[in-house]
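Structure at a glance
Read off the chains here:
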Amino acid sequence: MTKSVDRRNAAAKTGRDDDANAEMRIARTILSIPEGSVSSYGEIATRAGLPGRARLVGYVLGAWDGEPLPWHRVVRSSGESAFAPGSASFRKQVRLLAAEGVLVVNRKVDLAAHGWDRNLDQALWAPPPAAKPRKKAARR
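Okay, so let's go over this structure. (Residues numbered from 1 in each chain as written. Predicted model: local features only at pLDDT ≥ 70, side-chain atom pairs only at ≥ 80, totals over all residues. Heavy atoms only, no water.)

A closer look at the environment of Glu67
If you trace the backbone, Glu67 turns up in the loop between α3 (54-63) and β2 (74-75). Glu67 sits 36 residues away from Leu31 along the chain, and the two C-alpha atoms are 9.2 Å apart. (Helix = DSSP H or I, 4+ residues; strand = E, 2+ residues; numbered from the N terminus.)

Here it is in structure tokens:
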């Protein structure tokens, strides 16, 4: 009987470690959303290596007690805020996004313009990355 109890304890501990690891990956992903961009709960879960775990992203945002996360950059897949229109949290999210140049129109963010890695204008018209210097060929 002792061995089965030990296995259960080990499995429970491993589950807690996996949950903490998943929460850290989600937090790191949220922290990497660039200023002026937004991402959806599902996109964050996928980027964190947890596809299909969008609800976990919402849980982490609500329960996180570490470094402050830019929660205002996280929206639903439709571009809408997850907060009730007119609520204090909704108004604060709109203010914070506006300060970064992201406008909320009819309760939605234009994901084509402000979605993380979705800005077609930037992809087409931004200056190219700096070229790496070539190594000189050895002379014979």
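Focus: helix α4 (residues 88-99)
Between its first and last C-alpha atoms α4 spans 17 Å; for 12 residues at 1.5 Å apiece the expected length is 16 Å, and the two agree. The set of residues buried in α4 consists of Phe90, Gln93 and Leu97. Buried residues of α4, seen end-on, are gathered within an arc of 65° and therefore sit on one face of the element. In α4, the exposed positions that point more than 90 degrees away from the buried face belong to Ala88, Arg95 and Ala99. Tucked into the core, α4 has its buried residues touching β2, β3 (104-105) and β4 (108-109). (Expected span 1.5 Å × (residues − 1). Buried < 20%, exposed > 50% of the residue type's maximum accessible area, 1.4 Å probe, protein only. Arc of directions from axis to C-beta. Contact = heavy atoms within 4.5 Å.)

Section: unusual backbone geometry
Backbone geometry at Asn106 places phi at a positive 55°, although glycine is not the residue there. Considering the arrangement of structural elements, one finds Asn106 in the loop between β3 and β4. For Asn106, a relative accessible area of 71% corresponds to the exposed category. Within the chain, Arg107 stands out as a residue other than glycine whose phi angle is a positive 70°. Following the sequence through the fold, Arg107 ends up in the loop between β3 and β4.

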